[in-house]
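Next come the chains, spelled out residue by residue.
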Amino acid sequence: KPQLVASNDHFCRFLEEYCPVVTETYYPTIWCWEGRVQTLLRPFITSRPHVQYRNELIKTADGGQISLDWLDNNGSLYYPDASTRPTVLLLPGLTGTSKESYILHMIHQSETLGYRCVVFNNRGIAGEDLLTPRTYCAANTEDLEAVIHHVHNLHPSAPIMAAGVSMGGMLLLNYLGKTGRDTPLRAAAIFSAGWNVFESVESLEKPLNWLLFNYYLTTCLQSSISRHRQMLEKLFDMDRVMKARTIREFDKQFTSVMFGYHTIDDYYEDASPCRKLKSVGIPVLCLNSVDDVFSPGHAIPVETAKQNANVALVLTSCGGHIGFLEGIWPRKCTYMDRVFKQFVQAVFEHGNKIFSM
């Protein structure tokens, strides 16, 4: 049974009534006996619902561009009026895009509820060109702020909330910690976020974790920027960046330099959401598994969460990183998908009751 951590009794009762999955026993797939197995198998086992996106490129203040993928859901029976149709903003993980299976499942869940979705693809990874020598990081929220205000201005009468996965969840938390209540978002859902980057990279540098995850993710990061090499060579020694063999080395040579940090420790401190959790000003539900090597259980800020009435943590004993597989053959819905669907519906349909029960 998951551990529900929340200091606000009203928020707890709201979740128990309208998002009961967070109090139900989670039965992980019996042959996925360990978090790393869940993490590795999920992308290969889960189905990939078909989604037809509408792409939009928006310009940024520094001359760059951001790719947004929309599911307008104009056939929505519950919300036929597009001007008031609820909108879910989705933030994928480190090198993820709108094509990730976990994003496609969130889109599918939202579509059945009648909602509109928009996926925020980080700069340069969804097939669009880099117009400036800048990509993205977990600490810099400028692009996310631009996207949120763009979406809100397009549909000012439509309620909007956001869901972030892995690094997308870290970015969303850092944004919420910065803005407090001054955001158009009604609420947010966070899945498998890395709370303390120092602890995350240390865990991922253990020999088996490096072999299974760290080296692969580093090559994915390198691949995501290699297509823009001509643009990025204006500011970086790309040969040196391409020699990185860990995420820490990549961040030291590339990410921290790009965003003006004096040291990689300065960047990792700024990127760690645990340091901003006290300032979150809207209801946030965060799902983590304590056997997630990307976000070790001991680094989850349980005591800090208890100090903020807006925050609820749901902690499972197993599930890995964006895994949460359940059932004998977990092709379709995961525990994470069910938490997402119930919480999004609870916010849009009953959100006014969160702190008034």
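Nothing here was measured: the structure is a model prediction, and the numbers come from that model. (Residues numbered from 1 in each chain as written. Predicted model: local features only at pLDDT ≥ 70, side-chain atom pairs only at ≥ 80, totals over all residues. Heavy atoms only, no water.)

Trainee: Is there a simple way to explain the domain arrangement of the protein in this structure?
Mentor: It is common to give the size of an interface as the accessible area that goes away when the parts come together. Partitioning the protein into domains gives domain 1 (3-196 + 272-354) and domain 2 (198-271). Placing a centre on the C-alpha atoms of domain 1 and another on those of domain 2 gives a separation of 24 Å. Across the boundary between the two partners, domain 1 contributes 35 residues, which contact 30 residues of domain 2. Looking only at domain 1, the three residues that lose the most surface to domain 2 are Pro133, Asn196 and Phe294, adding up to 22% of its buried area. (Domains from an automatic or database assignment. Contact = heavy atoms within 4.5 Å. Buried area = accessible area lost by both parts, 1.4 Å probe.)

Trainee: I tried to follow the pairing of strand β8 (residues 284-289) on my own but got confused; where do I start?
Mentor: Look at any regular strand and the pattern is simple: side chains alternate between the two faces of the sheet. Most of β8 sits out of view: 6 of its 6 residues are buried. Burial along β8 is two-sided: the residues Val284, Cys286 and Asn288 and Leu285, Leu287 and Ser289 are all buried. Looking at chain direction, strand β7 (residues 188-191) and β8 are connected through 4 bridges and run parallel. When the sheet's bridge partners are listed, Phe191 is paired in β8 with Leu287. Sheet topology places β8 next to strand β9 (residues 311-316); 6 bridges connect them, and they run parallel. What sits directly across from Leu287, in β9, is Val314. (Buried < 20%, exposed > 50% of the residue type's maximum accessible area, 1.4 Å probe, protein only. Helix = DSSP H or I, 4+ residues; strand = E, 2+ residues; numbered from the N terminus. Pairing = 2+ DSSP bridges.)

Trainee: Could you clarify how one ought to interpret the nonpolar core in this entry?
Mentor: Considering soluble globular proteins, one finds that nonpolar side chains tend to be buried as a cluster. Residues Leu172 and Leu313 are the most contacted members of the largest nonpolar core, which totals 70 residues. Looking at this core, the element that brings in the most residues is helix α5 (residues 167-179), giving 7 residues. The residue makeup of this core includes at least three contributed by each of domain 1 (3-196 + 272-354) and domain 2 (198-271). With residues near it in sequence (within four places) discarded, Leu172 still touches Leu91, Leu144, Ala162, Ala163, Gly164, Leu185, Ala188, Ala189 and Ile190. Within the second largest apolar cluster, 47 residues are counted, among which are Val314, Ile322, Met336 and Phe340. (Core = buried A, V, L, I, M, F, W, Y, C linked by side-chain atoms within 4.5 Å.)

Trainee: How should the environment of Tyr26 be read in this particular structure?
Mentor: Within the secondary structure, Tyr26 sits in the loop between α1 (9-18) and α2 (35-45). Looking at Tyr26, the relative accessible area reads 7%, which means it is buried. Note: C-alpha distance between Tyr26 and Gln52 (26 residues apart in sequence) is 32 Å. Ignoring any residue separated from it by four or fewer positions in sequence, one finds Tyr26 in contact with Pro2, Gln38, Thr316, Cys318, Gly319, Phe324, Leu325, Glu326 and Tyr335. Of note is the side chain of Tyr26, whose polar atom sits 3.4 Å from the side chain of Gln38. Reaching out from Tyr26, the side chain makes a polar contact with the backbone oxygen of Leu325 at a distance of 2.8 Å. (Polar contact = N/O pair within 3.5 Å; in protein donor to acceptor, adjacent residues only side chain to side chain.)

Trainee: Looking at this model, I keep getting lost on helix α10 (residues 247-258). Mind explaining?
Mentor: Residues three or four positions apart in an α-helix share a direction because the helix packs 3.6 residues into each turn. Regarding α10, the residues found buried are Ile247, Phe250, Asp251, Phe254, Thr255, Ser256 and Met258. Along its buried surface, α10 packs onto α6 (197-204), α7 (207-226), α8 (229-232), α9 (238-241) and α11 (264-271). Positive phi shows up at Gly260, right after α10, with a value of about 75°.

Trainee: Explain the layout of surface pockets to me, please; I cannot follow it from the model alone.
Mentor: Summary: where empty space remains is shown by rolling a probe the size of a single water molecule over the atoms. Quantified by volume, the largest pocket comes out at close to 1,100 Å³. What lines the largest pocket is a set of 47 residues, among which Leu94, Thr95, Ser166, Leu217 and Phe294 lie closest to the centre. The set of elements that each furnish at least two residues to the lining of the largest pocket consists of α2, α3 (101-112), α5, α6, α7, α10 and α11. Looking at the lining of the largest pocket, the element that brings in the most residues is α7, giving 8 residues. Looking at the lining of the largest pocket residue by residue, the class counts come to 29 nonpolar, 14 polar and 4 charged. (1 Å grid on protein atoms, 1.4 Å probe; cavity = no way out; pocket = protein on both sides within 12 Å on 5 of 7 lines; lining within 4 Å. Points joined across faces, edges and corners; volume = space filled by probe spheres on them. Nonpolar A, V, L, I, M, F, W, Y, C, P; charged D, E, K, R; others polar.)

Trainee: Explanation requested: the UniProt feature "active site" (unreviewed entry) in the protein in the structure shown.
Mentor: As annotated by UniProt and renumbered to match this structure, "active site" (unreviewed entry) occupies Ser166, Asp292 and His321. Annotated residues spanning 156 residues; largest pairwise C-alpha distance 10.9 Å, indicating a single compact cluster. Checking the named residues against the largest pocket, the ones that line it are Ser166 and His321. By the secondary structure assignment, Ser166 is in the loop between β6 (160-165) and α5. Residues contacting Ser166, with those up to four places away along its chain left out, are Gly93, Phe191, Ser192, Ala193, His321 and Ile322. Turning to its location among the elements, His321 is positioned in the loop between β9 and α13 (335-350). With residues up to four places along the chain from it excluded, the contact list for His321 reads Gly35, Thr39, Ser166, Ser192, Asp292 and Phe294. (UniProt positions renumbered as here; feature names shortened; annotations may be inferred.)

Trainee: Help me understand the packing of α10 against α11, please; the structure alone is not making it clear to me.
Mentor: The packing of two helices is summarised by the inter-axis angle and the distance between the axes. Remark: α10 packs on α11, axes separated minimally by 9 Å, with the N-to-C direction vectors making an angle of 95°. Judged by the angle between their axes, α10 and α11 are roughly perpendicular. Packed against α10, whose contacting residues are Ile247, Arg248, Asp251, Lys252, Thr255 and Ser256, the element α11 presents Ile264, Tyr267 and Tyr268 at the interface. Tallied by class, the residues present in the contact of α10 with α11 amount to 4 nonpolar, 2 polar and 3 charged. (Axes fitted to C-alpha atoms, helices over the stretch in contact; angles between N-to-C directions. Parallel < 35°, antiparallel > 145°, perpendicular 65-115°, else oblique.)

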